[in-house]
Amino acid sequence: MAQTTKLVSSISFNSENFLKGKLRELVTQGVLEYGYAIFHQPEEDEKKEHWHIVVKPNRRLDTSALRNLFLETIAGEDKPRGVLPFRPTNRISDWILYSVHDTAYLIRKGEVRKHTYSKADFFATEPDLFDEDWNECHRNEDNRLNQLKEYASGGLDWNDVIALGIIPPNLYFPFKDMFYTFKENQTFRNGRTGHDEAAV
């Protein structure tokens, strides 16, 4: 039972209507300052569709009590749906980049995902604030890795990429490894697990 006023995130197995409605309700009630969510298809090492959510409390909150607010009863299902325990999230930019499976961000973490997402995939209770957060985390980004992924999925071979001149000589081998990882189009979590834990 942790008390916090800081940004926290979780994985939700709630239905779309329930989750969006609950986030709006908690903002309207003054419990949360804002909430963002993005739907994810399961990667090949996961079984369940899920949402990544992040919320900013408007006052000191007990994260266990907050978690209980997301319990959703679905007719015909034995157990209620809900969210995994909330965890502290240091920076909103990290959460956004991880949630879209940003290529450059994940590679810096030593990971790769099959599915990627875009800004249009997010739900935000405060769209203007989300626009600011999105723009802030994309300032001065290194687009070479995103280009590399596009080239790999577009059918270019490694020699074609080298001929384009976007790879610095000191990054030849790391970029080559990433290029072939992208070509295989598989998830690599670098030791982390998926999100198929029991929700409640």
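Shown above is the structure to which this text applies.
In this convention, every chain numbers its residues from 1, walking through the sequence in written order. A pLDDT threshold of at least 70 governs which residues receive local features in this predicted model, and a stricter bar of 80 or more applies before side-chain atom pairs are shown or counted, although totals over entire chains, interfaces and linings include all residues. As a rule here, side-chain values cover all heavy atoms of the structure and leave hydrogens and water aside.

1. Thoughts on helix 8 (residues 172-184)
- The helix count covers DSSP runs of H or I at least four residues long, the strand count covers runs of E at least two residues long, and both are numbered beginning at the N terminus. For a helix, the expected span equals 1.5 Å multiplied by the number of residues minus one. In this model helix 8 runs 19 Å from its N-terminal to its C-terminal C-alpha over 13 residues, within 8% of the 18 Å that 1.5 Å per residue would give.
- When accessible area is computed with a 1.4 Å probe and restricted to protein chains, residues below 20% of their type maximum are described as buried, those above 50% as exposed, and intermediate ones as partly exposed. Those residues of helix 8 that sit buried are Phe-175, Met-178, Phe-179 and Phe-182. The arc enclosing the buried residues of helix 8, seen along the axis, measures out at 110°, which places them on a common side. Facing away from the buried surface of helix 8 by more than 90 degrees, the exposed residues are Phe-173, Asp-177 and Glu-184.
- When checking whether two residues touch, look at their non-hydrogen atoms; a contact exists if any pair is within 4.5 Å. If you follow the buried residues of helix 8, they end up packed against helix 4 (103-108), helix 6 (144-153) and helix 7 (158-164). Picture the helix axis, draw a direction to every C-beta atom, and the arc is the one those directions span.

2. Quick word on the nonpolar core
- Residue types Ala, Val, Leu, Ile, Met, Phe, Trp, Tyr and Cys, when buried and joined through side-chain atoms within 4.5 Å, form a set referred to as a nonpolar core. In this structure, Tyr-36, Ile-92, Trp-95, Ile-96, Phe-122 and Phe-130 are the most contacted members of the largest nonpolar core, which totals 19 residues.
- Looking at this core, the elements that each hand over two or more residues are strand 3 (32-40), helix 3 (92-99), helix 4, strand 7 (122-124) and helix 5 (127-137).
- Ranked by residues supplied to this core, first place goes to helix 3 with five residues.
- Excluding anything up to four places from it in sequence, Trp-95 contacts Ser-9, Tyr-36, Ala-37, Ile-38, His-52, Ile-53, Val-54, Thr-89 and Phe-122.
- Within the second largest apolar cluster, 17 residues are counted, among which are Val-27, Val-55, Leu-66 and Phe-123.

3. A word on the packing of helix 3 against helix 5
- Relative to each other, helix 3 and helix 5 sit at 85°, their axes nearing to 9 Å. Classified by the angle their axes make, helix 3 and helix 5 are roughly perpendicular. Within the contact between the two elements, helix 3 uses Ile-92, Ser-93, Ile-96 and Leu-97 and helix 5 uses Phe-130, Asp-133, Trp-134 and Cys-137.
- Classification convention: Asp, Glu, Lys, Arg as charged; Ala, Val, Leu, Ile, Met, Phe, Trp, Tyr, Cys, Pro as nonpolar; all other residues, Gly among them, as polar. In terms of residue class, the contact of helix 3 with helix 5 is built from six nonpolar, one polar and one charged. All axes here are fitted lines through C-alpha atoms, helices being fitted over the stretch that makes contact, and every angle between N-to-C directions spans 0 to 180 degrees. Just so you know how the angles are binned, under 35 degrees is roughly parallel, over 145 roughly antiparallel, 65 to 115 roughly perpendicular, and the rest oblique.

4. Observations regarding the pattern of salt bridges
- Salt-bridge detection follows one rule: a side-chain nitrogen of Lys or Arg within 4 Å of a carboxyl oxygen of Asp or Glu. According to the stated counting rule, one finds six salt bridges in the structure shown.
- Between Arg-113 and Glu-111 there is a salt bridge; the shortest N-O distance is 2.7 Å.
- Residue classification places Arg-113 among the buried positions, given a relative accessible area of 2%.
- Lys-119 is the partner of Asp-131 in a salt bridge, and the nearest nitrogen-oxygen pair spans 3.0 Å. Of this pair, Asp-131 sits in helix 5 while Lys-119 sits in the loop between helix 4 and strand 7; the two residues are twelve residues apart in sequence, bridging distant segments of the chain.
- Given the relative accessible area of 30%, Asp-131 is considered partly exposed.
- Overall, Lys-119 belongs to the partly exposed group, its relative accessible area being 31%.

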